[in-house]
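Coordinate inspection notes
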Amino acid sequence: MKILAIESSCDETGVSVVKDGREIISNLVISQVAKHAEYGGVVPELASRCHMECICTLTEQALTKAGESFADKLSGIDAIAVTNTPGLVGSLLVGVNYVKGIALATNKPIVPVNHINGHIAALYLTHRELTPPFICLVASGGHSHIYEVESYTRLRLLGRTLDDAAGEAYDKVARTLGYPYPGGIHIDNAAKSGNESHYKLPVPRIPGYDFSFSGIKTAVINLKHNAVQREETLVAEDVAAVFQRTVTGILADKLILAARETGHKTIAVSGGVSANSGLRKLLSERAKNEGMSLYLPELSLCGDNAAMIAAQGYYEYINGNTVGMELNALA
Ligand code: KG4
Ligand code: ZN
């Protein structure tokens, strides 16, 4: 069974064709990062316009790569999946309305996909043997959630951030340290050569499986202000190193705690922050010590892409989750 999927929830336009939820036939992504970088973050209006400019051509290219075409009404495609929530509403609307158009023209069913479920499905593309149940941390620019993945289509939320998402904290700290947007990768790289004991950052004491990152972010901003007042230079690599150690430590602690207390032996991470080298290394060690199996997406599937939406779309479709022209985008 082949699913065509469109992803346009934030600043990446993605189109993909995936077979049986596990095999990528084509997967194209156009990133708008360079266009937003000069503003230090995503400009929603600009994002919507960029999606509109490229979505038709990108879809034709992804279909050609998969040996499919509009000319024969997508004869080899069973259903069309689209991210309809959560995200920037203007961006989501581009994908949702485009998919309504092609579904109407080709008489194919539409499958709505939640972007967070999509990030989890990136794991199924990387690890064909992985099946629910397992405990998954989804950490990206918009979310830091711990779920019990009960089945392909049923998640139980165990914990979430009370303020900033982990990726958001990375991006804000990166900006404070003078790195370009999106800053996660720059902090990750800088941390490798930094001295993590040069500076100190507070570790929030949040009960259960919830997180809080805004206090750590504020502490970095204060370090910067104090350094400016004293006419000292902040060593960016050293701040990056302590920030990375603190945040990855919290993420790993909560994920392991959730798995231990729910009795699961399989843990996973997905979303943009799952590309973080410190988090991947720390969790590999921790999982080994705990006798748990750890699953991480391949690096190309950590960030936003449509293959993960197609993979989740497959499981939604076989579970009967299709919609008609009433489909809407939810921010
Ligand atoms: O999943 P994603 O591409 O988009 C959202 O759904 O938000 O995640 C983007 C986030 C950004 O905040 C980015 O800085 C962060 O993931 N990120 C990283 C790394 N690579 C991307 N954060 C830490 N370390 C990285 N290596
Ligand atoms: Zn995402």
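Presented here is an overview of the structure given in this document. From a predicted model like this one, the values you see are computed outputs, not experimental measurements.

Now for the overall build of the protein. Helix and strand counts for the protein stand at 10 helices and 10 strands. Whereas a compact globule of 331 residues would reach a radius of gyration of roughly 20 Å, the protein reaches 20 Å, a difference of no more than 12%. Its C-alpha atoms put the protein at 70 × 45 × 30 Å along the principal axes. A total of 331 residues make up the protein; the buried ones form 53% of that total. Excluding contacts between residues fewer than 6 apart, the proportion of contacts in the protein whose partners are at least 24 apart in sequence is 72%. As presented, the protein carries roughly 13,900 Å² of accessible surface, and 51% of it is formed by carbon and sulfur atoms. Averaging the coordinates of the 29 positive side-chain charges in the protein and doing the same for the 34 negative ones gives two points 4 Å apart.

For a metal with four tetrahedral donors the ideal donor-metal-donor angle is 109.5 degrees, whereas six octahedral donors ideally subtend 90 or 180 degrees. Around the zinc ion (ligand 2), the protein supplies His-115 (NE2), His-119 (NE2) and Asp-304 (OD) as donor atoms, at distances of 2.0 to 2.1 Å. Each of the 4 donor atoms bound to the zinc ion (ligand 2) contributes to angles spanning 93 to 136 degrees, and the resulting shape is irregular.

Turning our attention to the sheet that holds strand β1 (residues 2-7). Strand order in the open sheet formed by 5 strands is β3-β2-β1-β4-β5, with mixed pairing between adjacent strands. If you trace the sheet from one side to the other, it starts and ends with β3 (23-31) and β5 (110-114), each paired once. The mean angle between the axes of side-by-side strands here comes to 20 degrees, regardless of whether they run parallel or antiparallel. As paired elements, β1 and strand β2 (residues 12-19) share 6 bridges and run antiparallel to each other. Bridging across to β2, Lys-2 finds its partner in Lys-19. Helix α2 (residues 44-65) contacts β1, β2 and β3 of the sheet and is inclined by roughly 20 degrees relative to β2. Sheet contacts for helix α4 (residues 115-126): β1, β2, β3, β4 (79-85) and β5; angle to β5, the most-contacted strand, approximately 95 degrees.

Moving on, we get to the packing of helix α6 (residues 184-191) against helix α8 (residues 236-262). To characterise two packed helices, one gives the angle between the axes of the helices and the distance between these axes. At a closest axis distance of 8 Å, the pairing of α6 and α8 adopts a crossing angle of 105 degrees. Relative to α8, the element α6 lies roughly perpendicular. Residues Ile-187, Asp-188, Ala-190 and Ala-191 of α6 form the contact with α8, whose own contacting residues are Glu-237, Ala-240, Ala-241, Phe-243 and Gln-244. Of the residues belonging to the contact of α6 with α8, the class tally is 6 nonpolar, 1 polar and 2 charged.

With that settled, the discussion passes to the site of ligand 1. Near ligand 1 there are 19 residues, and of these Gly-141, Asp-171, Asp-188, Gly-272 and Asn-276 occur at the shortest range. One of the side-chain N or O atoms of Asn-276 is found 2.9 Å from a nitrogen atom in ligand 1. In the complex, 86% of the free accessible area of ligand 1, which totals 550 Å², lies under the protein chains. For the shell around ligand 1, the secondary-structure elements that each account for two or more residues are α4, α5 (166-176) and α6. Residue composition of the shell around ligand 1, by class: 5 nonpolar, 11 polar and 3 charged.

Turning our eyes to something else, we now look at α4. Across its 12 residues, α4 extends 17 Å between first and last C-alpha, which sits within 8% of the 16 Å expected from 1.5 Å per residue. Counting buried residues along α4, 11 of its 12 residues qualify, which places the element largely inside the surrounding structure. The distance from a side-chain oxygen at the start of α4 to the backbone nitrogen of Ile-116 is 2.8 Å, and the residue carrying that oxygen is Asn-114.

Here the focus is the nonpolar core. If you look at the biggest cluster of nonpolar residues, it comprises 48 residues, and the most contacted ones within it are Leu-177, Phe-213, Phe-243, Leu-251 and Ile-267. Of the residues forming this core, the biggest block, 14 residues, is contributed by α8. Ignoring anything within four residues of it in the chain, the contact list for Leu-251 reads Leu-137, Ala-166, Phe-211, Phe-213, Val-273 and Leu-279. Counting 31 residues, the second-largest nonpolar core is a separate cluster that includes Ile-3, Val-149, Ala-306 and Ala-307.

A few words on the pairing of β4. Of all the 7 residues making up β4, 7 are buried; the element is thus mostly covered by neighbouring parts of the structure. Note: β1 against β4, 4 bridges, orientation parallel. When the bridges of β4 are listed, Ile-6 appears paired with Val-82. Strand direction decides the pairing type here: β4 and β5, joined by 5 bridges, are parallel. The partner of Val-82 across the bridge, within β5, is Pro-112. Regarding the hand of the β-α-β motif, the stretch spanning β4, helix α3 (residues 89-106) and β5 is right-handed.

Within the open sheet, the 5 strands sit side by side as β8-β7-β6-β9-β10. Their pairing is mixed. Looking along the sheet, the strands with just one partner apiece sit at the ends: β8 (155-160) and β10 (293-295). The sheet shows a mean angle of 25 degrees between the axes of neighbouring strands, direction not considered. Of the strand pairs in this sheet, strand β6 (residues 134-139) and strand β7 (residues 144-149) are connected by 6 bridges, and their pairing is antiparallel. When the sheet's bridge partners are listed, Ile-135 is paired in β7 with Glu-148. On top of the sheet, α8 reaches β6, β7, β8 and β9 (266-270); it is set at about 155 degrees to β6, its chief contact.

Reading the values: the criteria
- Residues numbered from 1 in each chain as written.
- Chains lettered and ligands numbered in written order.
- Predicted model: local features only at pLDDT ≥ 70, side-chain atom pairs only at ≥ 80, totals over all residues.
- Heavy atoms only, no water.
- Helix = DSSP H or I, 4+ residues; strand = E, 2+ residues; numbered from the N terminus.
- Rg over C-alpha atoms; globule rule 2.2 N^0.38 Å.
- Buried < 20%, exposed > 50% of the residue type's maximum accessible area, 1.4 Å probe, protein only.
- Contact = heavy atoms within 4.5 Å.
- Areas by Shrake-Rupley, 256 points an atom, 1.4 Å probe, with all protein chains shown as cover.
- Lys, Arg positive; Asp, Glu negative; His and termini not counted.
- Charge placed at Lys NZ, Arg CZ, Asp CG, Glu CD.
- Donors = N, O, S within 2.8 Å, 3.2 Å for Na, K, Ca; no water.
- Tetrahedral: all angles 85-135°; square planar, octahedral: opposite > 155°, others 65-115°.
- Pairing = 2+ DSSP bridges.
- Axes fitted to C-alpha atoms, helices over the stretch in contact; angles between N-to-C directions.
- Parallel < 35°, antiparallel > 145°, perpendicular 65-115°, else oblique.
- Nonpolar A, V, L, I, M, F, W, Y, C, P; charged D, E, K, R; others polar.
- Near = heavy atom within 4 Å.
- Polar contact = N/O pair within 3.5 Å; in protein donor to acceptor, adjacent residues only side chain to side chain.
- Expected span 1.5 Å × (residues − 1).
- Core = buried A, V, L, I, M, F, W, Y, C linked by side-chain atoms within 4.5 Å.
- Right-handed = clockwise from strand over helix to strand, strands pointing away.

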